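Next come the chains, spelled out residue by residue.
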Amino acid sequence: MARVPFHYVDLRTFCYETEDDKRVEAALRTFLPEDFEIERMESTGHHGDRIIVFSARAERADEVRYVLSKIRDLPDFEGLLDELDDRVTDNTEFFLRLDKQAAFKGEPRRGNGLTLRAKVEAYPAKKEAAVENAREALLGDE
């Protein structure tokens, strides 16, 4: 199987006091392989309200491939490919915001609530090489 040019993919979301933590965790799981370990850290907001930070890091190639397969399911995937130059930083990081509500329903969609950050492999570590590697990885077997 082909190499995946990502060092890792991080997914993170916040669960606010008004939200059900099981539902928020389920939304994050939309983008992760079955039984994937999710870290849970409890914090307190400015006004004393509870905030839970859910995060997961996919590092193994099969895990990263799974996350990328979910990104390919985005309704506006072609638009995402067109924006890659804006979504990859000079530090070879790829950023994407995903809709937490849609993810809870099992529907990958761009929006707010979930953050994806991926470190793209690029040798030399230049933005142009990272954009091209991210494009190839996102296109997968197409």
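Quick summary incoming for the structure in this document. Predicted model only: the values in this text are computed from it and were never measured.

1. Quick notes on the pattern of salt bridges
Thought 1: Enumeration according to the criterion identifies 14 salt bridges in this entry.
Thought 2: Between Arg 117 and Asp 10 there is a salt bridge, and its shortest N-O distance comes to 3.2 Å. With a gap of 107 residues between them, Arg 117 in strand β5 (residues 113-120) and Asp 10 in strand β1 (residues 6-16) connect regions that are remote in the sequence.
Thought 3: Accessibility expressed as a relative area gives 23% for Arg 117, which makes it partly exposed.
Thought 4: Among the ionic pairs, Asp 62 bridges to Arg 65, the shortest N-O distance being 2.8 Å.

2. Considering a negative patch on the surface
Thought 1: A surface patch of negative charge is lined by Asp 85, Asp 86, Asp 90 and Glu 128.
Thought 2: By secondary structure assignment, the location of Asp 86 is in helix α4 (residues 84-87).
Thought 3: Relative accessible area serves as the criterion here: at 69%, Asp 86 is assigned to the exposed category.

3. Notes on unusual backbone geometry
Thought 1: The omega torsion across Tyr 123 and Pro 124 is 0 degrees, close enough to zero to call that bond cis.
Thought 2: Following the sequence through the fold, Pro 124 ends up in the loop between β5 and α6 (127-139).
Thought 3: We note that Asp 35 has phi near 60 degrees; this positive angle belongs to a residue other than glycine.
Thought 4: You can see Asp 35 is positioned in the loop between α1 (21-29) and β2 (39-44).
Thought 5: The exposed category is assigned to Asp 35, whose relative accessible area is 70%.
Thought 6: Residue Thr 92 is not a glycine yet carries a positive backbone phi of 60 degrees.

Criteria and thresholds
Residues numbered from 1 in each chain as written. Predicted model: local features only at pLDDT ≥ 70, side-chain atom pairs only at ≥ 80, totals over all residues. Heavy atoms only, no water. Salt bridge = Lys/Arg side-chain N within 4 Å of Asp/Glu carboxyl O. Helix = DSSP H or I, 4+ residues; strand = E, 2+ residues; numbered from the N terminus. Buried < 20%, exposed > 50% of the residue type's maximum accessible area, 1.4 Å probe, protein only. Patch = residues over 30% accessible without salt bridge, like charges linked within 9 Å, V, L, I, M, F, W, Y side chains within 5 Å. Areas by Shrake-Rupley, 256 points an atom, 1.4 Å probe, with all protein chains shown as cover. Lys, Arg positive; Asp, Glu negative; His and termini not counted. Charge placed at Lys NZ, Arg CZ, Asp CG, Glu CD.

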